[in-house]
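Chain residues, written in single-letter form:
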Amino acid sequence: AVVLNVNNGEVLSFVSSPGFDPEEFTHGVSHDYWHYLMHDHYKPLINKIIANQYPPGSTFKPIVALAGLKYGISPDERIYCPGYMQLGNRKFHCWKKQGHGNLNMKEALMHSCNTYFYHIAKTIGADNIYKMAVNFGLGKKTDIILNGEKKGLIPNPSWKIKKYDTTWQTGDSLNLGIGQGYALTTPLQLAM
């Protein structure tokens, strides 16, 4: 959890869980406790707020909506969600199996409709989503004064060529449109 001052972005508090008892370290940590910390599946020594990276999922959809607005999507345009978007022989599913019906941008945000955001991603492309996300500080460190901060990843076609020596596909854009696929953020980045 991260708590920010909404007026200036100052970090007021955060907690990474599970944590560890710092008291155990004051006079030298016991072998048993150290073994427990090193082998715990949940990695309590890692500050997950700055050093773990997760797909942002639906929390990324407002960024995609803003990119859509900037690059020509009307907020009043209605998109029909039957519960999926067909791309070639593959279906990209919405979380609501029976679909949401016709939605405008406000309704799509309220209901977190995947199909609507697939449409935006397909229409404006990954590079435009990338530009908007970077403007919001995603894909780069926040510069909080703590060691071990990761920068996350907002992918785009040039990144995929460099990383995998293969071209970006429309399906990659659809996944990016709902904050999935290659996209990674830290909890601190999302809060900020």
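The shown structure was predicted, so the numbers you read here are calculated from the model rather than taken from an experiment.

**Q** Hey, could you run me through the nonpolar core in this one?
**A** As a rule of thumb, soluble globular proteins bury nonpolar side chains together. Membership of the largest hydrophobic core comes to 32 residues, with the highest contact counts inside it found for Phe60, Cys113, Tyr116, Phe117, Ile120, Ile129 and Leu176. No other element matches the six residues that helix α5 (residues 114–124) contributes to this core.

**Q** Please clarify how the pattern of salt bridges should be interpreted in this entry.
**A** Between side chains of opposite charge, a pair can form as their charged atoms come close. One pass over the full model with this rule turns up two salt bridges. Two residues, Arg78 and Glu107, come together in a salt bridge whose shortest N-O distance is 2.8 Å. Within this pair, whereas Arg78 is found in the loop between α3 (61–70) and β3 (79–81), its partner Glu107 is found in helix α4 (residues 105–111), the two being separated by 29 residues in sequence. Assessed through its relative accessible area of 44%, Arg78 is described here as partly exposed. Put simply, Lys160 and Asp172 hold a salt bridge, and the shortest N to O gap is 2.6 Å. On the criterion of sequence distance, the pair formed by Lys160 in helix α7 (residues 157–164) and Asp172 in helix α8 (residues 170–177) is long-range, its members being twelve residues apart.

**Q** Looking at this model, I keep getting lost on helix α6 (residues 126–135). Mind explaining?
**A** Given 3.6 residues per helical turn, the α-helix brings residues three or four places apart onto the same face. Among the residues of α6, Ala126, Asn128, Ile129, Met132 and Ala133 are the ones counted as buried. Here the buried residues of α6 occupy an arc of 165° about the axis, which is enough to place them on one side. On the buried face of α6, the contacting elements are α3, α5, α7 and α8. Downstream of α6 by one or two residues, Gly137 has phi in the positive range, about 90°.

**Q** Mind showing me how you'd approach the side chain of His100 here?
**A** By secondary structure assignment, the location of His100 is in the loop between β5 (90–93) and β6 (101–103). Residue His100 is classed as buried on the basis of its relative accessible area, which comes to 15%. If sequence neighbours within four positions are ignored, His100 has contacts with Cys81, Cys94, Trp95, His111 and Cys113.

**Q** Hey, could you run me through a nonpolar patch on the surface in this one?
**A** Together, Phe20, Phe25, Trp34, Met38 and Leu45 give the surface a local cluster of nonpolar side chains, amounting to about 440 Å² of exposed area. Mapped onto the elements, Met38 comes out in helix α1 (residues 31–39). Residue Met38 is classed as partly exposed on the basis of its relative accessible area, which comes to 45%.

**Q** Is there a simple way to explain the packing of α3 against α6 in this structure?
**A** Each packed pair of helices is defined by two parameters, the angle between the axes and the distance between the axes. Viewed as axis vectors pointing N to C, α3 and α6 meet at an angle of 115°, and their least axial separation amounts to 9 Å. As for the relative orientation of α3 and α6, their crossing is right-handed in sense. Listed contacts from α6 to Ile63, Val64, Leu66, Ala67 and Lys70 of α3 are Asn128, Ile129, Met132 and Ala133. Residues belonging to the contact of α3 with α6 are distributed by class as follows: seven nonpolar, one polar and one charged.

**Q** Got a minute to help me understand the environment of Ser17 in this structure?
**A** Mapped onto the elements of the fold, Ser17 is located in the loop between β2 (11–14) and α1. Along the sequence, Ser17 and Asn47 sit 30 residues apart, while their C-alpha atoms lie 8.2 Å from each other.

**Q** What am I meant to see in the pairing of β2 here?
**A** Within a regular strand, the side chains alternate between the two sheet faces. Sheet topology note: the strand β1 (residues 2–4)/β2 ladder contains three bridges and is antiparallel. Residue pairing across strands places Val3 opposite Ser13, the latter belonging to β2. Hairpin connection between β1 and β2: a loop of six residues separates the two successive antiparallel strands, and Gly9 in this loop has a positive phi of roughly 80°.

**Q** Can you help me understand unusual backbone geometry in this one?
**A** With an omega of -5°, the peptide bond running from Ser17 to Pro18 counts as cis. At Asp143, a residue that is not glycine, the phi angle is positive and equals roughly 70°. Tracing the sequence through the fold places Asp143 in the loop between α6 and α7. Assessed through its relative accessible area of 64%, Asp143 is described here as exposed. Even without being a glycine, Asp165 presents a positive backbone phi close to 55°.

The rules behind the values
- Residues numbered from 1 in each chain as written.
- Predicted model: local features only at pLDDT ≥ 70, side-chain atom pairs only at ≥ 80, totals over all residues.
- Heavy atoms only, no water.
- Core = buried A, V, L, I, M, F, W, Y, C linked by side-chain atoms within 4.5 Å.
- Buried < 20%, exposed > 50% of the residue type's maximum accessible area, 1.4 Å probe, protein only.
- Helix = DSSP H or I, 4+ residues; strand = E, 2+ residues; numbered from the N terminus.
- Salt bridge = Lys/Arg side-chain N within 4 Å of Asp/Glu carboxyl O.
- Arc of directions from axis to C-beta.
- Contact = heavy atoms within 4.5 Å.
- Patch = residues over 30% accessible without salt bridge, like charges linked within 9 Å, V, L, I, M, F, W, Y side chains within 5 Å.
- Areas by Shrake-Rupley, 256 points an atom, 1.4 Å probe, with all protein chains shown as cover.
- Axes fitted to C-alpha atoms, helices over the stretch in contact; angles between N-to-C directions.
- Left-handed = near helix turned anticlockwise from the far one by under 90°.
- Nonpolar A, V, L, I, M, F, W, Y, C, P; charged D, E, K, R; others polar.
- Pairing = 2+ DSSP bridges.

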